[in-house]
Amino acid sequence: MNWKKNKYYFLLILLAACRSDQQAEQSALIGPTIEVNALADLLDDPSIQLIDFRKAAKFEQGHIPGAINLWRRDIEDPNHTHAGMMATAQQLETRFAKLGIKNNATLVVYDDNGSCDASRFWWVLQQYGHDNVIILNGGIAAWSGAGNQLSSKPNSLANSDFKLPVNSPQNIMSIDQASLFELLDTDAIIIDARTQEEYSGARMKNGASRAGRIPGSKHLDWKFSVLLDEDHRFKNPEALQQELDFLGADKHIPIVVYCHSGVRSAHLTFVLTQLLGYTNVKNYDGSWIQWSALAELPISQDSLITLQN
């Protein structure tokens, strides 16, 4: 083989290697979650923005290098009648622009609560057609458990021109109180993602007006899906599916999930749609706070004992 052919084959090998590296980076960002080892290799990638979705005090104690801090108030509508409801499109655009979040960035979000809060962030953006959000599997627990470093350095970014997709589909995985009430007499499966005590009515969290559950709802505590006693990662799909025998084999059945304020149910929505392939799942944003506040709506109880937290 002469030098020209050698040079030609060398270039092909070099291009293949570059393409392989690019594909490796892209593959790490394909899918609903990313593992900590893959994220560690991408921290300097300018197309990624890390979202630390925890309270500010925890963020200041230590976060993944380069992350910016958001919390629930940043994606909530303070003007809504019921607490915790998702922010409007305009509110999100204003807040995200001030934080320097870019339109075309891949948002990798994490928390310290089994991805429960991170799922709420993911779900809210889904409602406005912004689907370029990935959850760090295991969050900061998995990150630290793998020996990765944390930073206490604050991150301040220049304002951006963040905009949600124009004419984006809204409420694609959301349902309101009126629509949910209509579903009570249908074949839709309603799942309560709270604790057993909340579901039975033995415990009533602050913000609720009555204790109990939506009539006909089935109980499935959101914690079933994560390894909270270990590294907070999601269980594998096979283990998750075993807990869902009551749903049957049809992945297209209508399912509605709720909790206290739409956070834990957002997590269950993520598990069902992104990890297990259910196609017709909606999260009731108002959840028990809204339902219990409307005296004309029915409730079920197993106990009349209520405890405040």
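Residues numbered from 1 in each chain as written. Predicted model: local features only at pLDDT ≥ 70, side-chain atom pairs only at ≥ 80, totals over all residues. Heavy atoms only, no water.

**Q** Which parts of the structure should I look at to understand the nonpolar core?
**A** Across soluble globular proteins, nonpolar side chains show a tendency to be buried alongside one another. Grouped together as the largest cluster of nonpolar side chains are 52 residues, with contacts concentrated most on Ile51, Leu92, Phe96, Phe121, Leu247, Ile255 and Leu272. With seven residues, helix α5 (residues 116-127) is the single largest residue contributor to this core. The residues touching isoleucine 255, leaving out its near neighbours within four places in the chain, are Ile189, Ile191, Leu247, Leu272, Tyr278, Asn280, Val281 and Lys282. (Core = buried A, V, L, I, M, F, W, Y, C linked by side-chain atoms within 4.5 Å. Buried < 20%, exposed > 50% of the residue type's maximum accessible area, 1.4 Å probe, protein only. Helix = DSSP H or I, 4+ residues; strand = E, 2+ residues; numbered from the N terminus. Contact = heavy atoms within 4.5 Å.)

**Q** Would you mind going over the packing of aromatic side chains with me for this structure?
**A** Geometrically, a pair of aromatic rings is defined through the distance of the ring centres and the angle of the planes. A full pass over the atoms with the stated rule returns eight aromatic pairs. Seen in terms of ring centroids, phenylalanine 181 and tryptophan 291 are 6.3 Å apart; in terms of plane orientation they differ by 40°. Their pairing is tilted. Of this pair, phenylalanine 181 sits in helix α7 (residues 177-183) while tryptophan 291 is found in helix α11 (residues 287-293), placing the two residues 110 residues apart along the sequence. Classification of phenylalanine 181 as partly exposed rests on a relative accessible area of 39%. Members of the aromatic cluster, joined through ring pairs, are Phe53, Trp71, Phe96, Phe121 and Phe162. Taking the ring centre of tryptophan 288 as reference, the NZ or CZ of arginine 194 above it sits at 5.0 Å. Above the ring of tyrosine 199, the side-chain terminus of arginine 213 is found at 4.5 Å from the ring centroid. (Phe/Tyr/Trp six-rings, centres within 6.5 Å; stacked < 30°, edge-to-face > 60°. Lys NZ or Arg CZ within 6 Å of the ring centre and 35° of its normal.)

**Q** Would you take a moment to explain α5 for this structure?
**A** Here α5 spans 17 Å end to end across 12 residues, near enough to the 16 Å set by a 1.5 Å rise per residue. The buried fraction of α5 amounts to 12 of the 12 residues, a majority that puts the element mostly inside the structure. Among the residues of α5, those classed as buried are Cys116, Asp117, Ala118, Ser119, Arg120, Phe121, Trp122, Trp123, Val124, Leu125, Gln126 and Gln127. Where α5 ends, the next residue or the one after it, glycine 129, has phi of about 80°, a positive value. (Expected span 1.5 Å × (residues − 1).)

**Q** Would you take a moment to explain the environment of histidine 267 for this structure?
**A** Inspection of the secondary structure assignment puts histidine 267 in helix α10 (residues 264-275). With sequence-adjacent residues up to four places away left out, histidine 267 is seen in contact with Gly114, Ser115, Cys116, Ser119, Trp222, Ser225, Val226 and Phe234.

**Q** Looking at this structure, I do not really get the pattern of salt bridges. What am I missing?
**A** In this structure the tally under the stated criterion is nine salt bridges. One salt bridge in this structure joins glutamate 35 and arginine 233, with 3.0 Å as the shortest N-O distance. Of this pair, glutamate 35 sits in the loop between β1 (33-34) and α2 (36-40) while arginine 233 sits in the loop between β8 (218-219) and α9 (237-242), and the two are 198 residues apart along the sequence. You can call arginine 233 partly exposed: its relative accessible area is 27%. (Salt bridge = Lys/Arg side-chain N within 4 Å of Asp/Glu carboxyl O.)

**Q** It is not clear to me how α10 should be interpreted in this structure. Could you clarify?
**A** For an α-helix, 3.6 residues make a turn, and residues three or four places apart therefore share a direction. The end-to-end C-alpha distance of α10 is 16 Å, a good match for the 16 Å that 12 residues give at a rise of 1.5 Å each. All of the buried residues in α10 are Arg264, Ser265, Ala266, His267, Leu268, Thr269, Phe270, Val271, Leu272 and Thr273. After α10 finishes, the residue glycine 277 shows a positive phi value of roughly 80°.

**Q** What is the right way to look at the pairing of strand β2 (residues 48-53) in this model?
**A** Burial analysis of β2 places six of its six residues in the buried class, which makes it a mostly covered element. Side chains of β2 alternate between two faces, with Ile48, Leu50 and Asp52 and Gln49, Ile51 and Phe53 buried alike. Pairing geometry for β2 and strand β4 (residues 106-110), over five bridges, is parallel. Its bridge partner being in β4, leucine 50 is matched across the sheet by valine 108. As defined by bridge partners, β2 adjoins strand β3 (residues 68-70) across three bridges and the pair is classed as parallel. Bridge pairing in β3 places isoleucine 51 opposite isoleucine 68. (Pairing = 2+ DSSP bridges.)

**Q** Is there a simple way to think about the packing of α5 against α10 in this case?
**A** For any two helices packed against each other, one specifies the crossing angle of their axes together with the interaxial distance. At their nearest, the axes of α5 and α10 sit 7 Å apart, and the two run at 75° to each other. Taken together, the axes of α5 and α10 lie roughly perpendicular to each other. Between α5 and α10, the contacting residues are Cys116, Ser119, Arg120, Trp122 and Trp123 on the first element and Arg264, Ala266, His267, Thr269, Phe270, Thr273 and Gln274 on the second. For the contact of α5 with α10, the residue count by class is five nonpolar, five polar and two charged. (Axes fitted to C-alpha atoms, helices over the stretch in contact; angles between N-to-C directions. Parallel < 35°, antiparallel > 145°, perpendicular 65-115°, else oblique. Nonpolar A, V, L, I, M, F, W, Y, C, P; charged D, E, K, R; others polar.)

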